[in-house]
Amino acid sequence: MNDFEYETDQIISIIKNKRAVGKTLRSILFDIASSRSNLSLLDPFCGSGSVSRLGRSMGFDVLANDIEPFLYIPNYVYLYMVREDLSSMFPSMGGIDAYYSFLNLHGMYAASTGNCQGRALISNHYAPSDSIRTRPGKERIYFSRENALFIDAVRDEVETSWMEGKISAAEKAVVLCSLLYQCSLRANTSGTFTSYHKHLYKDGVPIRSRITDMMELTIPVLLDDDGKRAQVSQEDALRFVKGKSADIAFIDPPSSAQQYGSAYHLLNSVVLWDDFVPSHKVDSDGNLADKSGIRNDWKNTHSPFCSLKHSYKAMYSLLQQIDCGQLILSYPSNGILSTEQIYELLSYRHGEIQCVALPKKRGGGRSSIDKTVGVDQLFITGKVPSLSFLLPEGLERMELVSSIESHKNSIFHPIEEEFEHFSFIEKIMIDTSPDYSQFVHCSLSELKKISDTFSSHAAESSVQSLRLLLKVYGSSFDSLSSKSRLKMEKRMISIIRAIFNYERTSWSDTVDLITSFEREYTNIWKHRQTCFSVAAHYRDRMKVHGHSGENQL
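An account of the accompanying structure is given in this report. (Residues numbered from 1 in each chain as written. Predicted model: local features only at pLDDT ≥ 70, side-chain atom pairs only at ≥ 80, totals over all residues. Heavy atoms only, no water.)

## Some details on the overall build of the protein chain
Stage number 1. If you tally the helices and strands in the protein chain, you get 23 helices and 11 strands.
Stage number 2. Looking at the 553 residues of the protein chain, the share that counts as buried comes to 56%.
Stage number 3. Long-range contacts, defined here as pairs at least 24 residues apart, represent 76% of the contacts in the protein chain between residues at least 6 apart.
Stage number 4. In the form shown here, the protein chain has an accessible surface area of approximately 24100 Å², with 49% of it arising from carbon and sulfur atoms. (Helix = DSSP H or I, 4+ residues; strand = E, 2+ residues; numbered from the N terminus. Buried < 20%, exposed > 50% of the residue type's maximum accessible area, 1.4 Å probe, protein only. Contact = heavy atoms within 4.5 Å. Areas by Shrake-Rupley, 256 points an atom, 1.4 Å probe, with all protein chains shown as cover.)

Encoded structure:
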């Protein structure tokens, strides 16, 4: 697992998410941080969590907040929890792997038989009775019939297990996080849940396979425990910022008249699971009078930032309360407030303001109030060491640095070259690497050489990475320092778990690989029981799932 996997895994797509500007934000944060360490990042409108995840992977102490329940759940999982938490979860269910397998089978059984064995809230009120022959106007078509039954079965099982004390609140949050992502991914919509497409199939063929493909829960990809769990809150942003201070504040407030509570009402219903039933009254033509079926309580999270009348006052109040060394404000050029108003609001407390304009394409859903193509604007206050990434050379540098950073957790075929500020464990694994301030002093040719070397030497698959690690670990065991041994062991465990959880096509090859080294490492096993007991555990689990290799003991 590398930081990119963590930063992009199961991100719920919402209005104004920051995935498209991730590289630029990373460079800005690097520039602001410079050589300083132990910095804090305040994110009062964290939304899908893209920026807060970026901050966590960069080592910031993150304080994140969003008032919507469907956003709080995944942010709690990805920002507060760490990978080590998952390994000890669901003990009464046989572990996280076993429980996820059960939930997927449980959901697929409901989808294939039409029997969800629980409350059928989504399938009864937000899905058609027949996915192929939908009846637009007569029924809501947010999901295929099959996926709606999957949601009902999984969600009700999780709620029942939690109420009976079989799983904890944290364990419930992990599963809900995975389910919410699937609900977002498989929804028959174009961005929000205020409307849906009329049909799922044409002439018996899926119109959009993304929507009709069967849901499947996957275990979240989290960071290793670095002692910096984020603080995650669910409250109004104006209340959240009171009494808090941070080195950097990232502000990404709502900027259109679209309220998130109504736009994503169905995701909140999946989280709350409170038996809300939308109206099924019909008009004189027999069509649903309430086509969207939006929850009645969406106004509980009503934001003044979405109001033409109140947005200026709300922004002024927010900026006056925020206590931070530097501030980054994200606001589109076609938002409720004009660019001139944003400059005016920032100038009340900040003397130096720089603006980075990032052209964008308009996405799906109601992403702007006038539906025109806008420009993402990042307003940065205070002095920044260098905004060199805005220049053509800087953009190239940013791409190269991003490429190098993406290989931070890669396993390589032995790299013979030596690169300044880098150190390797047995030439196959990065031990220490430079920070951004050190990259700034490298020439483009040096950066390109590092990037090209890493790309050409990186293992092509998880199985190949594991093979390289096992081979070098065994041949160099006696000469390795205890610290290097531990790092290699952790990486092997991480890869084995990742293969078992996410790469099913590689199970058999992994079983064969682990087995082939079993005899060779008999003596090492006595010294390093932890690593190989985990490997053996996953090998045995693969056998149970019918993926045993030909050369097993």
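Here the narrative resumes.
## Some points on the packing of aromatic side chains
Stage number 1. Under the defined criterion, the tally for this structure stands at 22 aromatic pairs.
Stage number 2. Relative to Y264, the ring of F70 has its centre 5.3 Å away and its plane inclined at 35°; by these criteria the two rings are tilted. With F70 in helix α4 (residues 69-80) and Y264 in the loop between α12 (260-263) and α13 (265-272), this pair connects stretches of sequence that are 194 residues apart. Note on accessibility: F70 and Y264 belong to one class, buried. (Phe/Tyr/Trp six-rings, centres within 6.5 Å; stacked < 30°, edge-to-face > 60°.)

## Comments concerning helix α2 (residues 22-33)
Stage number 1. Look at α2: 16 Å from first C-alpha to last across 12 residues, which is about the 16 Å you get at 1.5 Å a residue.
Stage number 2. When you tally the buried positions in α2, you get 10 out of 12 residues, the bulk of the element.
Stage number 3. Those residues of α2 that fall on the buried side of the exposure criterion are T24, L25, R26, S27, I28, L29, F30, D31, I32 and A33.
Stage number 4. Directly after α2, the chain includes S34, whose backbone phi takes a positive value near 55°. (Expected span 1.5 Å × (residues − 1).)

## Comments concerning the nonpolar core
Nonpolar side chains in soluble globular proteins tend to be buried together.
Stage number 1. Counting 80 residues, the largest nonpolar core has F70, I122, F143, V175 and Y264 as the members making the most contacts within it.
Stage number 2. Per-element tally for this core: the top contributor is helix α9 (residues 169-185), with eight residues.
Stage number 3. In this view, V175 contacts F90, Y99, Y100, L103, V154, V158 and L217; residues no more than four positions away in its chain are not counted.
Stage number 4. In this structure, L238, A314, I336 and L345 belong to the second largest nonpolar core, which totals 27 residues. (Core = buried A, V, L, I, M, F, W, Y, C linked by side-chain atoms within 4.5 Å.)

## Some points on the environment of V241
Stage number 1. Locating V241 in the fold gives a position in the loop between α11 (237-240) and β6 (245-251).
Stage number 2. Sequence separation of V241 and N65 is 176 residues, and the distance between their C-alpha atoms is 9.3 Å.
Stage number 3. For V241, the residues in contact, after removing those within four places along its chain, are L42, P44, L318, Q321 and I322.

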